[in-house]
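So the chains spell out like this:
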Amino acid sequence: RRCAGEPLQYILGEWEFYSLPFAVRAGVLIPRPETELLAERALALLEGNPAPAVLDLCTGSGCVAAVVAKHIPDARVTAAELYDVPLEVAAENFRRLGLVNIALEKADALEAPPARWAGKFDLLVSNPPYVPRGDLGSLARELAFEPAEALDGGDDGLIFYRAIADKWASVLRGGGKLALEIGFDQAARVAALLARHFTGIETYRDYAGRDRVVTATKN
């Protein structure tokens, strides 16, 4: 299976993220070390905020939501995902980790959020699909085994960032925080999209020295 290009993580059925074990299988994006920076920044943004309400949009395996819930036990975390397999895997991971402060919800990041979420959250964190559609065929062969819907960011890779900036800012309270994983060459364009509704936009580089996370504060 490995010689055929199948990712080792799927063969093992489990992979570590932020020192926690996560179940992974075909149909769910594999947690990556680069995304640990997103979890790290999310925790930093929540520091000193008692009982924060957090939304992890496009939660996938639930790895970022689980890290927040594990490290901030009084946090109220909502993990939102559209597709059935990631929802099942995230639910399994939350059970395995004994996390009781997470609610799992089905939601489409490209559509408007439920009205009941308006102004509810202190932090919106997301690792959305951000690979330009035209680049999908040139990715490493292992990525062909991962779900295309977890990678495909539309023609320019930015379709989810537009939706988050224009539709999902409403779920944050005034002064609420946003943390997004981005592609290595997308920081300036994502910042421009966010500037309509957010201030204090900052970019953080991963351990390879590439732009990886953008954070901002809602106006």
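Predicted model, so just to flag it, every value in this text is computed and none were measured.

Parameters at a glance
- Residues numbered from 1 in each chain as written.
- Predicted model: local features only at pLDDT ≥ 70, side-chain atom pairs only at ≥ 80, totals over all residues.
- Heavy atoms only, no water.
- Helix = DSSP H or I, 4+ residues; strand = E, 2+ residues; numbered from the N terminus.
- Buried < 20%, exposed > 50% of the residue type's maximum accessible area, 1.4 Å probe, protein only.
- Contact = heavy atoms within 4.5 Å.
- Areas by Shrake-Rupley, 256 points an atom, 1.4 Å probe, with all protein chains shown as cover.
- Polar contact = N/O pair within 3.5 Å; in protein donor to acceptor, adjacent residues only side chain to side chain.
- Pairing = 2+ DSSP bridges.
- Axes fitted to C-alpha atoms, helices over the stretch in contact; angles between N-to-C directions.
- Expected span 1.5 Å × (residues − 1).
- Arc of directions from axis to C-beta.
- Left-handed = near helix turned anticlockwise from the far one by under 90°.
- Nonpolar A, V, L, I, M, F, W, Y, C, P; charged D, E, K, R; others polar.

Enquirer: Can you walk me through the overall build of the protein in this structure?
Expert: A tally of regular secondary structure across the protein gives 6 helices and 9 strands. Here the protein holds 219 residues, and 51% of them are scored as buried. Taking contacts inside the protein between residues at least 6 apart in sequence as the whole, the part at least 24 apart equals 67%. Working note: accessible area of the protein is about 9800 Å², and carbon and sulfur atoms make up 53% of it.

Enquirer: Which parts of the structure should I look at to understand the side chain of Asn-101?
Expert: By the secondary structure assignment, Asn-101 is in the loop between helix H4 (84–96) and strand E5 (102–106). Reaching out from Asn-101, the side chain makes a polar contact with the backbone oxygen of Ala-69 at a distance of 3.2 Å. Of the polar contacts made by the side chain of Asn-101, one reaches the backbone oxygen of Ile-72; its length is 3.5 Å. Beyond its immediate chain neighbours, meaning those up to four positions away, Asn-101 contacts Ala-69, Ile-72, Pro-73, Ala-75, Arg-76 and Val-77.

Enquirer: Where do I start with the pairing of strand E1 (residues 14–17) in this structure?
Expert: Successive residues of a regular strand alternate their side chains across the two faces of the sheet. The sheet contact formed by E1 and strand E2 (residues 20–23) spans 4 bridges and is antiparallel. Directly across from Trp-15, in E2, lies its bridge partner Phe-22. Counted between consecutive antiparallel strands, the loop separating E1 from E2 contains 2 residues, among which Tyr-18 sits at a positive phi close to 50 degrees.

Enquirer: Please explain the sheet that holds strand E9 (residues 211–218) as it appears in this structure.
Expert: Strands belonging to one sheet form pairs held by backbone hydrogen bonds; the direction of such a pair is parallel or antiparallel. A sheet is described by the order of its strands in space; here 7 strands give the open sequence E5-E4-E3-E6-E7-E9-E8, paired in mixed fashion. Of all the strands in the sheet, the pair left with one neighbour each is E5 and strand E8 (198–205). Between one strand axis and the next, the sheet turns by 15 degrees as a mean value, whatever way the strands run. Pairing analysis gives 5 bridges linking strand E7 (residues 172–181) to E9, with the strands arranged antiparallel. Note that in E9 the partner of Lys-177 across the bridge is Thr-217. This element, helix H3 (residues 63–71), spans strand E3 (53–57), strand E4 (76–81), E5 and strand E6 (121–126) of the sheet and lies at about 175 degrees to E4.

Enquirer: Just checking my understanding: could you explain H4 for this structure?
Expert: Counted at 1.5 Å a residue, the expected span for H4 with its 13 residues is 18 Å, and the 18 Å between its end C-alpha atoms agrees. Burial in H4 covers these residues: Pro-86, Leu-87, Val-89, Ala-90, Asn-93 and Phe-94. Looking straight down H4, one finds that the buried residues subtend no more than 170 degrees of arc, so they occupy a single side. Positive backbone phi, at 70 degrees, marks Gly-98, one or two positions downstream of H4.

Enquirer: Got a minute to help me understand helix H5 (residues 159–168) in this structure?
Expert: Within an α-helix, residues lying three or four positions from one another point in the same direction, as the helix has 3.6 residues per turn. Buried within H5 we find Phe-160, Tyr-161, Ala-163, Ile-164, Ala-165 and Trp-168. Those residues of H5 that are buried are in contact with E3, E6, E7 and helix H6 (187–194).

Enquirer: Help me understand the packing of helix H2 (residues 35–46) against H3, please; the structure alone is not making it clear to me.
Expert: Two quantities define a packed helix pair, namely the angle between the axes and the distance from one axis to the other. The N-to-C vectors of H2 and H3 enclose an angle of 40 degrees; their axes lie 10 Å apart at closest approach. H2 and H3 meet at a crossing whose hand is right-handed. Each of Thr-35, Leu-38, Ala-39, Ala-42, Leu-43 and Leu-46 in H2 lies in contact with H3, whose residues at this interface are Val-64, Val-67, Val-68 and His-71. Of the residues assigned to the contact of H2 with H3, the class counts are 8 nonpolar, 2 polar and no charged.

Enquirer: Sorry if this is basic, but what is going on with unusual backbone geometry here?
Expert: Leaving glycine out, the prevailing phi sign among residues is negative, and the prevailing peptide bond configuration is trans. Positive phi outside glycine occurs at Ser-19, with the angle close to 65 degrees. Following the sequence through the fold, Ser-19 ends up in the loop between E1 and E2. The class of Ser-19 is exposed, set by a relative accessible area of 60%. Non-glycine residue Cys-58 carries a positive phi angle of around 65 degrees. If you trace the backbone, Cys-58 turns up in the loop between E3 and H3.

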